[in-house]
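Results of the structural survey
Spelled out from the first residue to the last, the chains are:
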Amino acid sequence: MIPFDFDYYKPSSVEEAVRLFESLRQQGKQPMYFSGGTEIITFGRLDYLYTNAVIDIKGISKCQMMTFKGENLYLGAAVSLSEIEEANLFPLLTKTSSEVADHTARTKVTLGGNICGKIFYREAVLPFLVSESEVVIASREGEETRPILDVFQKSLQLEEGECLVQLVTNKKMIEAANISIKRRRQWDTGYPVITVVGIKVDGQLRVAISGLCSFPFRAKEMEPFLNDTKRPLEERVSLAIRHVPAEVLHDSEASSDYRMFVLKNTLLDVFEGLEMEEVR
Amino acid sequence: MTKVAVTLNVNGEESEVLIRPADTLLDVLRENLGLTGSKPGCLNGDCGACTVIVGKKPMKSCLMLAIEAVDQNVTTIEGLTDATVQRAFVEHFAFQCGYCTPGFIMNVHSLKENHPEADGETIKSWMDSNICRCTGYEEIEAAVKSVLYGGQEHHKR
């Protein structure tokens, strides 16, 4: 049982949702946008978070969008991960998000919820980081489209009252050779030791990683070494992993040394997998 | 405590219930409607003991607010009457203590409705959502396979 009460609102437009958020703030409330709501429900039960008003965005058609318009794919923040899997419009995202939680939970977990969540893995963001997608964010000033690499710094940097509406990805990125590898300590369900996502665009490998540090990241500092084709592959990977952007996690999932061991081998697997993908 | 009156459609019947918006579907099914077939297990979306069907999809009722189920059709284990999956679980003795059984059955029933010809990979992906603490997985697997492909085993692993 969630030990506190909250009011529940289900607006039908983005404008209504952001207006509602502002109005609730003015009344002294602590509103939260609610998409799949799995973290709000489970963390709320444990008293890890508090809200006294939730704004469910699942009734907003823009947040439920899952369609190509011209050269771009628009995915709404309230689309569930299982819907993404079934539609399979973005195969790299399908592969990555289908490893999040389990099938039944993914009927509730949404794209926006996973990306904006408190649980730091946020693996659904990885395909968008390597694809250099854009995000549509709504605020009381209206909607704005911004590059995800500008907005996602460890987590999605939203101002109070801002709402993630959609993610926009160019078809060229969706069609690029790609791979997603999730390594767990054991079993086929659960959190990763690390997850690595890679795509090859114009001959250059782009990589994004979750589980290695306390936040998911696009491995911009590592990529020049990975793409230095003058060196042997093992050396490229060994040099690249010296440029991890933050402290490597050392916790019950894995020690930092083991994570680095897994990272090195997973990057080698990324190269091998992409070669096979390109041959196909 | 502020309560709101909402109408839920559960097992084909409409019921008006007075709930807190913070109440989970699992709590309302059990406490307000007396439908205790959906079991509280981890309450964290991990074990699947509370699985029901919302619309046509399996749903962990501990991960859903009851208020989110307004205007949707909810089916609980009490809403199945001699379903093929239920019979298969009995015939294959696919339970030990039985606590996880309603959740397994609801998930398999939904799988059968959505993918009557599910391949091995799909079956595995769906069934990873439920945990049997007695580890009676062999019998559960046999029951699941018996209701897909009309009992013909056809698996890609």
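As recorded by an unreviewed UniProt entry, chain B carries the name Carbon-monoxide dehydrogenase small subunit and is attributed to Texcoconibacillus texcoconensis. For chain B, the Pathway (unreviewed entry) comment in UniProt is given as "Alkaloid degradation; nicotine degradation."

The name that an unreviewed UniProt entry assigns to chain A is CO/xanthine dehydrogenase FAD-binding subunit, with the source organism given as Texcoconibacillus texcoconensis.

A common way to express how large an interface is: the accessible area buried when the components associate. Residue and element names in this part refer to chain B. Domain annotation of chain B identifies domain 1 (4–79) and domain 2 (84–151). Domain 1 and domain 2 are separated by 21 Å when their C-alpha centres are compared. With 17 residues of domain 1 at the interface, the matching set in domain 2 holds 14 residues. Taking both sides of the interface into account, the surface hidden between domain 1 and domain 2 amounts to around 1200 Å²; carbon and sulfur atoms contribute 62%. The tally of links from domain 1 across to domain 2 stands at six residue pairs in polar contact (both at pLDDT 80 or more).

Once that is clear, we can look at unusual backbone geometry. In this structure, tryptophan 187 of chain A is a non-glycine residue whose phi angle is positive, near 65 degrees. With respect to the element layout, tryptophan 187 of chain A can be found in the loop between strand E11 (177–183) and strand E12 (194–201). You can call tryptophan 187 of chain A exposed: its relative accessible area is 67%. Although it is not a glycine, threonine 135 of chain B sits at a positive phi angle of roughly 60 degrees. With respect to the helices and strands, threonine 135 of chain B occurs in the loop between helix H4 (120–127) and helix H5 (137–147). Look at threonine 135 of chain B and you get exposed, because its relative accessible area is 55%.

Looking now at the interface of chain B and chain A. Contact with chain B, which involves 29 residues of that partner, is made by 26 residues of chain A. With both sides pooled, the region where chain B packs onto chain A buries about 2300 Å², and carbon together with sulfur makes up 55% of that total. Broken down residue by residue, the surface that chain B buries against chain A is led by Arg20, Leu63 and Glu68 of chain B, which jointly contribute 24%. If you look at where chain B meets chain A, you find six salt bridges.

Hydrogen bonds between backbone groups are what pair the strands of a sheet, and the pairing can be parallel or antiparallel. All names here are of chain A. The parallel open sheet is built from three strands, whose spatial order is E1-E3-E2. If you trace the sheet from one side to the other, it starts and ends with strand E1 (7–9) and strand E2 (31–34), each paired once. Direction aside, the axes of adjacent strands within the sheet are offset by 25 degrees on average. Pairing of E2 with strand E3 (residues 53–56), which is carried by four bridges, proceeds in the parallel orientation. Looking across to E3, one finds that tyrosine 33 is bridged to isoleucine 55. Lying on the sheet, helix H1 (residues 14–26) is in contact with E1, E2 and E3; it crosses E2 at an angle near 155 degrees.

The rules behind these values
Residues numbered from 1 in each chain as written. Chains lettered and ligands numbered in written order. Predicted model: local features only at pLDDT ≥ 70, side-chain atom pairs only at ≥ 80, totals over all residues. Heavy atoms only, no water. UniProt positions renumbered as here; feature names shortened; annotations may be inferred. Domains from an automatic or database assignment. Contact = heavy atoms within 4.5 Å. Buried area = accessible area lost by both parts, 1.4 Å probe. Polar contact = N/O pair within 3.5 Å; in protein donor to acceptor, adjacent residues only side chain to side chain. Helix = DSSP H or I, 4+ residues; strand = E, 2+ residues; numbered from the N terminus. Buried < 20%, exposed > 50% of the residue type's maximum accessible area, 1.4 Å probe, protein only. Salt bridge = Lys/Arg side-chain N within 4 Å of Asp/Glu carboxyl O. Pairing = 2+ DSSP bridges. Axes fitted to C-alpha atoms, helices over the stretch in contact; angles between N-to-C directions.

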